[in-house]
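Residue-level structure breakdown
Here are the chains, one letter per residue:
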Amino acid sequence: MLDLKNSSTQQIAMEAFFFGYQAFTAKADEMLDRRGLSRVHQRIVFFIARYPGLSVKELLAVLGVSKQALNTPLRQLIELELVLSITPETDKRKRLLELTPEGAAFEQSLRREQVKLLQRVFADAGRDAVDGWLAVNQALGNTLKPAIDL
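Here's what I pulled together on the structure shown here. (Residues numbered from 1 in each chain as written. Predicted model: local features only at pLDDT ≥ 70, side-chain atom pairs only at ≥ 80, totals over all residues. Heavy atoms only, no water.)

**Describing the overall build of the protein chain**
Across its full length, the protein chain holds six helices and three strands. Each helix (α) and strand (β) of the protein chain, taken in turn from the N terminus, gives the series α-α-β-α-α-β-β-α-α. When the backbone C-alpha atoms are referred to their principal axes, the protein chain occupies close to 55 × 30 × 25 Å. In the protein chain, once contacts between residues fewer than 6 apart in sequence are set aside, the share between residues at least 24 apart is 52%. When the accessible area of the protein chain is evaluated, it comes to approximately 10500 Å², of which 56% is carbon and sulfur surface. Averaged over its 20 positive side-chain charges, the protein chain has a centre that lies 4 Å from the centre of its 18 negative ones. (Helix = DSSP H or I, 4+ residues; strand = E, 2+ residues; numbered from the N terminus. Contact = heavy atoms within 4.5 Å. Areas by Shrake-Rupley, 256 points an atom, 1.4 Å probe, with all protein chains shown as cover. Lys, Arg positive; Asp, Glu negative; His and termini not counted. Charge placed at Lys NZ, Arg CZ, Asp CG, Glu CD.)

Shown next as structure tokens:
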């Protein structure tokens, strides 16, 4: 167990997290940049792929952003024909989001690169380390639990 009362240990833990995240996002960032997109676009397509038919309201809650913050990147993804915004017959006020076939392929290509990296480092780290990593990340995520259950 790390002694997080020690300043040096705090810095080591935070530096490891920073560089780990930087490595995790590097390839995806390159792929996004080639399309003029950013990490927020990746988060949007990731959660739409994960929860097809997600409403805009639900996506706002999951991402923890305002309508204004979501508006431009979501509109760009729709204009690029990566995301569809569908108004269901049962409730004209709602907009449900789905990936187009091109959007699904794009999301899968981003995820594939990140999964390759995770597979490599997980194999090196071993099962106990991976279980610990997952537990820590889930605990971190639970501190910002989305306002909805998906």
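**Here's the deal with the side chain of Thr100**
Tracing the backbone through its elements, the reader meets Thr100 in the loop between strand 3 (96-99) and helix 5 (101-125). Only 2.6 Å separates the side chain of Thr100 from the backbone oxygen of Glu81, close enough to count as a polar contact. Every residue in contact with Thr100, bar those within four places of it in the chain, is listed here: Glu81, Leu82, Val83 and Leu84. (Polar contact = N/O pair within 3.5 Å; in protein donor to acceptor, adjacent residues only side chain to side chain.)

**Some remarks on the pairing of strand 3**
Here strand 3 shows a buried face lined by Leu97 and Leu99 and an unburied face lined by Leu96 and Glu98. Here strand 2 (residues 83-86) pairs with strand 3 via four bridges, running antiparallel. Its bridge partner lying in strand 3, Val83 is registered against Leu99. (Buried < 20%, exposed > 50% of the residue type's maximum accessible area, 1.4 Å probe, protein only. Pairing = 2+ DSSP bridges.)

**Notes on the nonpolar core**
In this structure, Ile44, Leu70 and Val83 are the most contacted members of the largest nonpolar core, which totals 21 residues. Elements represented by at least two residues in this core include exactly helix 1 (7-34), helix 2 (39-50), helix 3 (56-63), helix 4 (67-79), strand 3 and helix 5. With four residues, helix 3 is the single largest residue contributor to this core. Dropping the residues within four chain positions of it, Leu70 is found in contact with Ile44, Val56, Leu59, Leu60, Leu63 and Val65. (Core = buried A, V, L, I, M, F, W, Y, C linked by side-chain atoms within 4.5 Å.)

**Quick look at the pattern of salt bridges**
A complete count under the given rule lists eight salt bridges for this structure. With a closest N to O distance of 2.6 Å, Asp29 and Arg39 form a salt bridge. Here Arg39 lies in helix 2 and Asp29 lies in helix 1, a separation of 10 residues in the sequence. With relative accessibility at 23%, the residue Asp29 sits in the partly exposed group. Given a relative accessible area of 30%, Arg39 falls into the partly exposed group. Residue Arg93 is joined to Asp91 by a salt bridge in which the shortest nitrogen-to-oxygen separation is 3.1 Å. (Salt bridge = Lys/Arg side-chain N within 4 Å of Asp/Glu carboxyl O.)

**Overview of the environment of Lys116**
Topologically, Lys116 is positioned in helix 5. With relative accessibility at 44%, the residue Lys116 sits in the partly exposed group. Polar contacts involving the side chain of Lys116 include one to the side chain of Glu113, which spans 3.3 Å.

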